[in-house]
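Residues per chain are reported as follows:
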Amino acid sequence: MSSSHLQWLITRNTSSFILKKRNVKQPFSREPLHLTNRHCFKFNTLVHKNVIGVEPAKDKNGFVVVMKSKKKVYKPKASMVRFQIKSGPRHTLAKLNNIVKNGYRKDCRGAVLKKASAIIRSEKTRVSKKAKPAKKAE
């Protein structure tokens, strides 16, 4: 297996996930599990051995953490390990922080927590304000 820097140099300009727009200096990326959607080496999910991603859960309760395992490297779909965390907003973010902090891509900790908190925020139900009844004319 070649180094991640060599893979990045090869795929940097030729990846099918690049999304370039006019008048935008930094191109975007449409890779699965990408944390920031910015096309850069740090968050690239194709070249790194350790990859962590956060996805919304299908039942709209919590989020799914996706990690690339070191086994089955040549089988991309089978190498992804998925598990759902759904025990309340603060507790889930603390669990995710412990997963990342204990040796799994410490450099991506802020981006992972930011994306997870955005998913939790989007799942909250909004209470609509009730309209005040109109006063009767006498």
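As recorded in an unreviewed UniProt entry, the chain goes by the name Large ribosomal subunit protein eL28, listed as coming from Daphnia sinensis. Its UniProt record gives the chain the following Sequence similarities (unreviewed entry) comment, quoted word for word: "Belongs to the eukaryotic ribosomal protein eL28 family."

J.: Quick one: what's the story with helix α3 (residues 109-123), residue by residue and with numbers?
T.: For α3, built from 15 residues, the straight-helix expectation of 21 Å at 1.5 Å per residue is met to within 8% by its first-to-last C-alpha distance of 21 Å. Here α3 has its buried residues at Ala-111, Val-112, Ala-116, Ile-119, Ile-120 and Glu-123.

J.: So what's going on with the environment of Arg-105? Which residues, and what values?
T.: Secondary-structure assignment places Arg-105 in the loop between α2 (89-101) and α3. In sequence terms Arg-105 and Lys-49 are 56 residues apart; their C-alpha atoms lie 9.9 Å from each other. Apart from residues no more than four positions distant in its own chain, Arg-105 is found in contact with Lys-42, His-48, Asn-50, Ile-52 and Val-100.

J.: Quick one: what's the story with the domain arrangement of the chain, residue by residue and with numbers?
T.: Structurally, the chain comprises domain 1 (1-48) and domain 2 (50-124). Each of domain 1 and domain 2 has a C-alpha centre, and these two points are 20 Å apart. Facing the ten residues of domain 1 at the interface are 16 residues of domain 2. At the boundary of domain 1 with domain 2, total buried surface from both sides reaches about 1000 Å², with 65% on carbon and sulfur atoms. Together, Leu-33, Leu-35 and His-48 form the three largest contributors to the area buried by domain 1 at its contact with domain 2, with a combined 60%. At the junction of domain 1 with domain 2, the criterion picks out zero salt bridges. Taken together, the links from domain 1 to domain 2 amount to four residue pairs in polar contact (both at pLDDT 80 or more). Of the residues belonging to the side of domain 1 that touches domain 2, the class tally is five nonpolar, four polar and one charged.

J.: If you had to explain empty space enclosed by the protein to someone new, which residues and values would you point to?
T.: In total, this model carries one cavity of 30 Å³ or more according to the counting rule given. Approximately 60 Å³ is the volume attributed to the largest cavity. Around the largest cavity sit Leu-33, Leu-35, Lys-42, Phe-43, Asn-44, Thr-45, Asn-50, Val-51, Ile-52, Arg-105 and Cys-108, which together line it. Counting residues domain by domain, the lining of the largest cavity receives three or more from each of domain 1 (1-48) and domain 2 (50-124).

J.: Outline the pairing of strand β3 (residues 52-56), listing residues and values.
T.: With five bridges joining them, β3 and strand β4 (residues 63-68) adopt antiparallel strand pairing. Following the sheet pairing, Val-54 is matched in β4 by Val-65. Between β3 and β4, which pair antiparallel in sequence order, lie six residues; one of them, Lys-60, sits at a positive phi of approximately 55°.

J.: Outline the packing of α2 against α3, supporting the account with residue identities and numerical values.
T.: Two elements in contact, α2 and α3, have axes whose closest approach is 10 Å; the angle formed by their N-to-C orientations is 160°. As summarised for this structure, α2 and α3 are arranged roughly antiparallel, according to the angle between their axes. When you trace α2 past α3, the crossing you get is right-handed. In contact with Pro-89, Thr-92, Leu-93, Leu-96, Asn-97 and Val-100 of α2, α3 contributes Arg-109, Val-112, Leu-113, Ala-116, Ser-117 and Ile-120. Split into classes, the residues belonging to the contact of α2 with α3 amount to eight nonpolar, three polar and one charged.

Rules behind the numbers
- The residue numbers shown here count from 1 along each chain, following its written sequence.
- Only residues with pLDDT of 70 or above have their local features reported here, since the model is predicted, and side-chain atom pairs are shown and tallied only from 80 upward, although totals for entire chains, interfaces and linings are computed over all residues.
- Heavy atoms throughout the structure, all of them, feed into the side-chain values; hydrogens and water do not.
- UniProt positions are given in the numbering used here, feature names are shortened, and annotations may be inferred rather than shown by experiment.
- In this text, helices come from DSSP runs of H or I with a minimum length of four residues, and strands from runs of E with a minimum of two, each type numbered from the N-terminal end.
- The span expected for a helix works out to 1.5 Å for each residue beyond the first.
- Here's how the labels work: a residue is buried when its accessible area is under 20% of the maximum for its type, exposed when over 50%, partly exposed in between, all with a 1.4 Å probe on protein chains only.
- Contacts were defined at the residue level, with two residues in contact if any of their heavy atoms lie within 4.5 Å.
- Where each domain starts and ends comes from a domain assignment, either automatic or drawn from a database.
- When two parts are put together, the accessible area they lose, computed with a 1.4 Å probe and summed over both, is reported as buried area.
- For this analysis, a salt bridge means a side-chain nitrogen from Lys or Arg found within 4 Å of a carboxyl oxygen belonging to Asp or Glu.
- Definition of a polar contact: a pair of N or O atoms within 3.5 Å, with one able to donate and the other able to accept a hydrogen when the atoms are protein atoms, and with sequence-neighbouring residues admitted only if both atoms are side-chain atoms.
- Each residue receives one of three labels: charged for Asp, Glu, Lys and Arg, nonpolar for Ala, Val, Leu, Ile, Met, Phe, Trp, Tyr, Cys and Pro, and polar for the others, Gly being one of them.
- Here the term cavity refers to a set of points on a 1 Å grid, laid over the protein atoms alone, in which a 1.4 Å probe fits but cannot get out; the term pocket refers to an open set having protein on both sides within 12 Å along at least five of seven lines, with lining residues being those that place an atom within 4 Å of a point.
- Grid points are joined across faces, edges and corners, and a volume is the space filled by probe spheres set on the points.
- Here, any two strands with at least 2 DSSP bridges between them count as paired.
- Lines fitted to C-alpha atoms define the axes, with helix axes restricted to the stretch in contact, and inter-axis angles between N-to-C directions lie between 0 and 180 degrees.
- To sort the angles, those under 35 degrees are grouped as roughly parallel, those over 145 as roughly antiparallel, those from 65 to 115 as roughly perpendicular, and the leftovers as oblique.
- For any helix crossing, the convention is left-handed if the near helix is rotated counterclockwise from the far helix by under a right angle, and right-handed if that rotation is clockwise.

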